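Below, each chain spelled out in residue letters.
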Amino acid sequence: MNSKSIIIAGFAFLLSASCKTTEFDYKVFDVNGMIYDFSNRPIPYCEITLGKRYNGSTDINGRFTLPKVPTGKYLITVTKSSFETYTDYINIIDRNQIIYIRIPSLNQLLEMVDDSLTKKNLFDAEEIIKRAYLIDQNNIEMLFYYATIKYQQQKHDEAIGFLITAKNLGSKDEYIEKFLSILRGLINE
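Notes on the structure follow. (Residues numbered from 1 in each chain as written. Predicted model: local features only at pLDDT ≥ 70, side-chain atom pairs only at ≥ 80, totals over all residues. Heavy atoms only, no water.)

Here we look at the sheet that holds strand β7 (residues 98-102)
Strand order in the open sheet formed by three strands is β4-β1-β7, and the pairing between neighbours is mixed. Two strands bound the open sheet, and with one partner strand each, they are β4 (63-70) and β7. The sheet shows a mean angle of 25 degrees between the axes of neighbouring strands, direction not considered. Bridge analysis of strand β1 (residues 28-36) against β4 gives six bridges, and the strand direction is antiparallel. Counterpart to asparagine 32 in the pairing with β4 is threonine 65. (Pairing = 2+ DSSP bridges. Helix = DSSP H or I, 4+ residues; strand = E, 2+ residues; numbered from the N terminus. Axes fitted to C-alpha atoms, helices over the stretch in contact; angles between N-to-C directions.)

Below is the structure:
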């Protein structure tokens with residue numbers, strides 16, 4: 001072997017040894033986690049972003065692995081159509097750490113709105129419907145709930161606006177027509 005080959009081989013050895021040392025010191029490791037909905041069902045095919053460099057998705061069982069992540073604090077974002085986007089900071093500190101995240105579906109948020117309205121908790125219902133609105137502004141059921149909340153707040157013009165949007169989206173629901181008629185009658189009084 002010539003001296004140039006020895007230097008290149010030595011450099012390659014040092015690079016591989018330094019990477020292994022970092023891994024053995026648990027400063028870089030795979031990050032594992034699970035994503036569930038509010039009924040504790042796994043959510044497949046969520047997109048995961050950790051910081052600016054690490055991306056992945058959940059498998060059919062709601063599990064994910066992001067390989068070779070250094071310890072530190074990261075912004076994690078989880079997205080999936082028809083689900084609320086999750087964003088929060090997490091600290092990656094341990095090789096055995098498992099990240100558990102629960103995110104509601106649009107339907108679960110609407111069930112929560114219905115429950116809040118049943119309990120006459122208008123404040124909670126409005127906070128939850130705002131979250132549902134961010135998921136799908138064209139969901140007719142969500143628009144009907146939003147109109148119901150605005151009606152109970154005596155904001156009849158806003159309630160009418162949500163119902164007209166639902167009609168313009170193609171809703172043929174007879175309750176929307178009846179609700180619109182009642183609201184228009186209240187405004188014309």
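Here the narrative resumes, following the displayed structure.
Notes on unusual backbone geometry
Of note, the phi angle at lysine 68 is positive, near 50 degrees, even though the residue is not glycine. Residue position: lysine 68 is located in strand β4. One non-glycine residue with positive phi stands out, namely serine 82, at about 70 degrees. Looking at where serine 82 falls in the secondary structure, it is placed in the loop between β5 (72-79) and β6 (86-92). For serine 82, a relative accessible area of 44% translates into the label partly exposed. (Buried < 20%, exposed > 50% of the residue type's maximum accessible area, 1.4 Å probe, protein only.)

Remarks on the pairing of strand β3 (residues 54-57)
The side-chain alternation of β3 yields one buried face, formed by Tyr54 and Gly56, and one unburied face, formed by Asn55 and Ser57. In sequence, strand β2 (residues 47-50) turns back onto β3 through a hairpin of three residues, with glycine 51 there showing a positive phi of about 65 degrees.

Some thoughts on helix α3 (residues 122-135)
Helix length check: α3, at 14 residues, gives a terminal C-alpha distance of 20 Å against a target of 20 Å (1.5 Å per residue), a fit within 8%. Within α3 the residues assigned to the buried category are Ala125, Glu126, Ile128, Ile129 and Ala132. The inward-facing, buried residues of α3 abut α2 (106-118) and α4 (140-152). (Expected span 1.5 Å × (residues − 1). Contact = heavy atoms within 4.5 Å.)

Some words on the sheet that holds β5
In spatial order, the strands read β3-β2-β5-β6; together these four strands make up an open sheet with antiparallel pairing. Both outer strands of the open sheet, β3 and β6, are each paired with one neighbouring strand and no more. Along the sheet, successive strands turn relative to each other by an average axial angle of 25 degrees, direction set aside.

Looking at the packing of aromatic side chains
Counted by the stated rule, this structure contains six aromatic pairs. Here the aromatic rings of tyrosine 54 and tyrosine 74 are separated by 6.1 Å at their centres, their planes lie at 85 degrees, and the arrangement is edge-to-face. Highlighted residues: tyrosine 54 in strand β3 and tyrosine 74 in strand β5, separated in sequence by 20 residues. Classification of tyrosine 74 as buried rests on a relative accessible area of 13%. Residues tyrosine 133 and phenylalanine 162 carry aromatic rings whose centres are separated by 6.3 Å and whose planes lie at 85 degrees to one another, so their mutual orientation is edge-to-face. Of this pair, tyrosine 133 sits in helix α3 while phenylalanine 162 sits in helix α5 (residues 156-168); the two residues are 29 residues apart in sequence, bridging distant segments of the chain. Taking relative accessible area as the criterion, tyrosine 133 reaches 27% and is therefore assigned partly exposed. For phenylalanine 162, a relative accessible area of 14% corresponds to the buried category. An aromatic cluster is defined as three or more aromatic residues linked by ring pairs; in this entry it consists of Tyr133, Tyr146 and Phe162. (Phe/Tyr/Trp six-rings, centres within 6.5 Å; stacked < 30°, edge-to-face > 60°.)

These values are about where atoms sit, not about what they do.
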